[in-house]
Amino acid sequence: MPVTLLIFGIYHGLMQVIYRSGIIHETAMAKIDYYQGLTLHGVINAVVLTTFFAVAFGHATIIYYLKKEPSKLMARISMWLMIIGTLMAAAAMFSGRASVLYTFYPPLRATPFFYLGAALLIIGSWFAFFAWVKTYREWMKENPGVKTPLAVLGTIVNFTVWFVCTLAVAYEVLVLLLPWSIGFTKTINVPLARMLFWFFGHALVYFWLLPAYIMFYTMLPKIAGGKLYSDNAGRLALFLFLILSVPVGVHHQFSEPVFERGTKLFQSILTYGVAIPSFITAFTIAASLEYAGRKRGAKGLFGWMKKLPYWDKNNFLFAYLICGLILFIFGGATGIVNASYALNSIVHNTDWMPGHFHMTVAGPVFLAILGMSIYLLSKLSGKEIKYKNFVVIVPYLWLIGVLIFSSGLMWGGLMGEPRRTNLGMTYTNPENSLFRPDWVPSTMLALVGGIIMTVAAMLFFWSFFATVFSKKSFEPHLDFPTAEVLHEERELSILNNFKPWLVIMIIVIIIAYVPALMDTFKYSGPGAPPYDTNNPTPVNLNNF
Ligand code: HAS
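In what follows, the accompanying structure is described. Being a predicted model, the structure only gives us computed values, none of them experimental.

1. Examining the nonpolar core
And then number 1: By size, the foremost hydrophobic cluster in this structure holds 181 residues, and its most contacted members are Phe114, Met372, Trp398 and Phe480.
And then number 2: With 22 residues, the single largest contributor to this core is helix α6 (residues 190-218).
And then number 3: Excluding residues that lie within four positions of it along the chain, Trp398 makes contacts with Ile10, Ala362, Phe366, Leu367, Met453, Ala456 and Ala457.

Next up, the structure:
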């Protein structure tokens, strides 16, 4: 279902570059308005696809590595809640009554169905998590003293972060947005709603990322032909994500006057901190790949890079994971630019930002999702993958597309191009008095990248759906390539015990967010009535 919806998500991505490069000067295409399309693009790609994938991959890792099956009833409840929620939100977006983008900032208002749908999607994912926790606790009782498998540790860390951060957005949706959208409350506290959203919003990006990290640590070294350089490093990185993913949300709000300097400074420092587990990962995975390359006969300092199985059709996961890692070098570096308060004031709300996040969420995250989806589809349905040549070309085409696309966006961003704006109506329309000729080359570059990305996605869909509709040719089974560890490391109990990390997590969140909450109450202005995307005056509730 999410891969089918992704067809619309990708189409609206293509439409973005077409609108913005000034190829068309319209507010809508095929009766879908610019902001409606952008909402569909963001919600389908960044929220629906990622959440469904994380839950499906989580089920698979728990079952495979613990050799125990969590409650089927809970899994079914989870699946149906997520499906019903997605259908409600999709109906709201397709009918044009929820053009509020994936951040759904008030005072933009959507129909209550959109908020309810989003809440059900999230609550559904909790059910899956609760079942895994029960299974994991049973496994611990049956296996005293045995180290938690790294993939399971990653899944539990990821969903703990998800559960904690979604509590804030559930409060925002159920207590603030829903009653205001229905008309029970007349106004909303905008700074409070935005703060709650970003409490969730940055942890969300690591919720997207960690399934890919699980693959980098537990599978990539094996499929590269080597071993994992350090299991302890992987555990440490995952636990650091547990404590640092949530208390950094204010770095999305550096430009907002509602937070005092101290609040921003503290969360800025923590943001540098949350880059550390990714640096650990960069080192550990590069070392694992170097070992694999040398085992394949590589010589010299960088010779290992040439010896890796880039084009092996029967080992296509390697291509997806390595292309994601390469993109993440640039995605990570631009993230650190964003985290720097002074530089943030130059790039905030410009095209730089989608440049950054397409090299992260549309980089390692998206490629890991695509690769693993078709891998699991084949294994679990017993069907051979069709058009394997396409499957192995897709990540390289996508990598080239994203590099070109993001370069165009970041170049434009540094010249002041705003994000989330239909530039074709004004700035990239030579007929308009606001025309900016200097923004034409950058938006054209983004267009070229966007077209290459679309071609890559079409090749993927071709192969994916050809496989879905093909005949079963072997017995379905669940199987993951699992890397051995290079060194037998000293076992550290702190790296196999959730409790101390959970306590630190709670303390750091309190230190970071109590001042943020106090600032919000201290400086919030009067509440806001609801607004519609295309209208600068408040919505008349009776006409909505
Ligand atoms: Fe970000 C905004 C800071 C990571 C996603 N980010 C966003 C938004 C999204 C997003 C979607 O501080 C926009 C939200 C919106 O709509 O407004 N981000 C960071 C920092 C990191 C970071 C410090 N972001 C991510 C990840 C994302 C993501 C991951 C999605 C999955 N981001 C920000 C800030 C903002 C922001 C501000 C707000 C800006 C504003 O003003 O609005 C760090 O976690 C990054 C650390 C990463 C690294 C890279 C490590 C490299 C690795 C690859 C190694 C390669 C190998 C291959 C081994 C340090 C692991 C070698 C082999 C060969 C053959 C070459």
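2. Overview of empty space enclosed by the protein
And then number 1: Applying the stated criterion to the full structure yields four cavities of 30 Å³ or more.
And then number 2: Around the largest cavity, the lining comprises 17 residues; the ones closest to its centre are Val43, Val47, Phe104, Ala118 and Leu121.
And then number 3: Only α2 (34-66), α3 (72-94), α4 (112-142) and α6 provide two or more residues apiece to the lining of the largest cavity.
And then number 4: Tallying contributions element by element places α4 first for the lining of the largest cavity, with five residues.
And then number 5: Residue composition of the lining of the largest cavity, grouped by class: 14 nonpolar, three polar and no charged.

3. Topic: the coordination of the iron atom of the ligand
And then number 1: You will see that the iron atom of the ligand has only one donor from the protein, His356 (NE2), lying 2.3 Å away.
And then number 2: Tracing the backbone through its elements, the reader meets His356 in helix α12 (residues 352-358).

4. Details of the packing of aromatic side chains
And then number 1: In total, this model carries 49 aromatic pairs according to the counting rule given.
And then number 2: A centroid spacing of 5.9 Å and a plane angle of 85° characterise the contact between Tyr229 and Phe283, whose relative ring orientation is edge-to-face. Of this pair, Tyr229 sits in the loop between α7 (220-224) and α8 (231-244) while Phe283 sits in helix α9 (residues 261-295); the two residues are 54 residues apart in sequence, bridging distant segments of the chain.
And then number 3: Over the ring of Tyr64 we find Lys67; its NZ or CZ atom is 4.0 Å from the centre of that ring.

5. With respect to the site of the ligand
And then number 1: In the neighbourhood of the ligand, 34 residues make up the surrounding shell, with Tyr102, Tyr206, His348, His356 and Arg419 lying closest.
And then number 2: Contact between the ligand and His356: a nitrogen atom at 3.0 Å from a side-chain N or O atom of the residue.
And then number 3: Taken together, the elements giving at least two residues each to the shell around the ligand come down to α6, α9, α10 (317-339), α12 and α13 (361-381).
And then number 4: Looking at which element gives the most residues to the shell around the ligand, the answer is α10, with eight residues.

Conventions adopted
Residues numbered from 1 in each chain as written. Predicted model: local features only at pLDDT ≥ 70, side-chain atom pairs only at ≥ 80, totals over all residues. Heavy atoms only, no water. Core = buried A, V, L, I, M, F, W, Y, C linked by side-chain atoms within 4.5 Å. Buried < 20%, exposed > 50% of the residue type's maximum accessible area, 1.4 Å probe, protein only. Helix = DSSP H or I, 4+ residues; strand = E, 2+ residues; numbered from the N terminus. Contact = heavy atoms within 4.5 Å. 1 Å grid on protein atoms, 1.4 Å probe; cavity = no way out; pocket = protein on both sides within 12 Å on 5 of 7 lines; lining within 4 Å. Points joined across faces, edges and corners; volume = space filled by probe spheres on them. Nonpolar A, V, L, I, M, F, W, Y, C, P; charged D, E, K, R; others polar. Donors = N, O, S within 2.8 Å, 3.2 Å for Na, K, Ca; no water. Phe/Tyr/Trp six-rings, centres within 6.5 Å; stacked < 30°, edge-to-face > 60°. Lys NZ or Arg CZ within 6 Å of the ring centre and 35° of its normal. Near = heavy atom within 4 Å. Polar contact = N/O pair within 3.5 Å; in protein donor to acceptor, adjacent residues only side chain to side chain.

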